[in-house]
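A structural walkthrough
Chain residues, written in single-letter form:
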Amino acid sequence: MEDPLTSAAVVARGPEAVGLRAVEQELGRPWSSPDALAGAPSARALMGNLVIVCRREEEKADVEEELATIVSQYPSRVLLLVADAGSQSAEIDASVTVYRRAGEASQPACGECVTIRAGSHAIARLPSAVRALLLGDLPTTLWWVTPEAPPLAGELFVQLAELAGQVIYDSFAWTDPLRQLVVVANWVGGGRQPVTSDLAWRRPKLWHRIIAQSLDPGLAPGAFEAISAVAVEHGPHALTQAWLLAGWLGFRLGWVPRGGKVLPGPEVSWAFQSAQGAPRVEIRRLATGATDVQSVRVVTKVNGRPVTFRFTREGPGQVTVFAEGLADRTLGLAGPVQSRAALVARQLPDLARDRLFESSLALARTMAETVL
């Protein structure tokens, strides 16, 4: 079996400026010209379309640095859009870049990128340009890079989402995360939407694992059912990660929100109703520290004895747990630290609807609505 590509094994040719009508011809030139790639196969090894939306050149530059990682794992036709509302240009500019294995000119392309720039007077034409360039027999994913809740982009998002079977966004840097969370949750819950994935949901998977394993009935009988309080601390820009983590826990345990309030700190507190009590959840933002969940404290009982589980982030991809009242030593769990590009590449082939994410998002929306 052939080894998977790595980003270091991929090189780019281009970009080459080209008119929109000449994009297909330019992308096919390496395969039709005997002088360009002697002995090259006539087909491209592509698995899907990836439409990426940026608002600024800085966002585009960041994405361009990540594309080698993405196409090395998921060979794609990439349409990289720069919808710059601050530009008065009425023109659409395009350029193409082809990605293939380094040092092996005979290998088929593992990726091709069409970068399309549009000013404020041309943004409305972007969906039709995208529609004309999609490879019709491949699945399409829309990756919303810009830090705004996708539905707030209006008609541009609506039309592009209609072309996609999957929408990826990242709530990491949202400027008004609670209101944006509500907007996205309403859109996701609207029915008949594409498969949706928030990268902020994928990042704390290590926390899900260590909490689930530590409170597993086989190790801590009755711990989940007896939870009376949960406290989450997070660093800057990690608010939605913390809320989704709380939403995940509350949904898995069947908790129903009964009210919430904002406290100094800043801190938010909620009261829930469960089958066996009235657990409380507090989320507090730290002024400094890594942009990640920093700690989780779970107060509960194991076999009727009071126990407090203290989960602590010790570093990137490292979380420890100490069960106060149950154990006398600290245990740790480590997991891979994945870049944004790696998260996107991992999500692209996963076209199944994530009902756990959608349900956790819905509960997080209810939590947000109680304090807005």
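Residues numbered from 1 in each chain as written. Predicted model: local features only at pLDDT ≥ 70, side-chain atom pairs only at ≥ 80, totals over all residues. Heavy atoms only, no water.

One pass over the structure, following the stated rule, counts 16 salt bridges. Close ionic contact of E57 with K60 constitutes a salt bridge, the shortest N to O distance being 3.8 Å. Of this pair, E57 and K60 both sit in helix 2 (residues 57–73), three residues apart, which is roughly one turn of the helix. Judged by relative accessible area, K60 falls into the buried class, the value being 7%. The partner of R179 in a salt bridge is D176, with the nearest N and O atoms 3.6 Å apart. According to the relative accessible area criterion, D176 is partly exposed, its value standing at 33%. What emerges from the salt-bridge pattern is a single network uniting E57, K60, E64 and R117. (Salt bridge = Lys/Arg side-chain N within 4 Å of Asp/Glu carboxyl O. Helix = DSSP H or I, 4+ residues; strand = E, 2+ residues; numbered from the N terminus. Buried < 20%, exposed > 50% of the residue type's maximum accessible area, 1.4 Å probe, protein only.)

Quick look at the layout of surface pockets now. Estimated volume of the largest pocket: approximately 830 Å³. In terms of lining, the largest pocket is formed by 33 residues, of which the most central are R203, Q241, V337, Q338 and L343. If you list the elements that add at least two residues to the lining of the largest pocket, you get helix 2, helix 7 (205–214), strand 14 (305–315), strand 15 (318–324) and helix 9 (340–347). Counting residues per element, the lining of the largest pocket draws most heavily on helix 7, which supplies four residues. Classifying every residue of the lining of the largest pocket by side-chain character gives 13 nonpolar, eight polar and twelve charged. (1 Å grid on protein atoms, 1.4 Å probe; cavity = no way out; pocket = protein on both sides within 12 Å on 5 of 7 lines; lining within 4 Å. Points joined across faces, edges and corners; volume = space filled by probe spheres on them. Nonpolar A, V, L, I, M, F, W, Y, C, P; charged D, E, K, R; others polar.)

So yeah, pure geometry; function would need other evidence.
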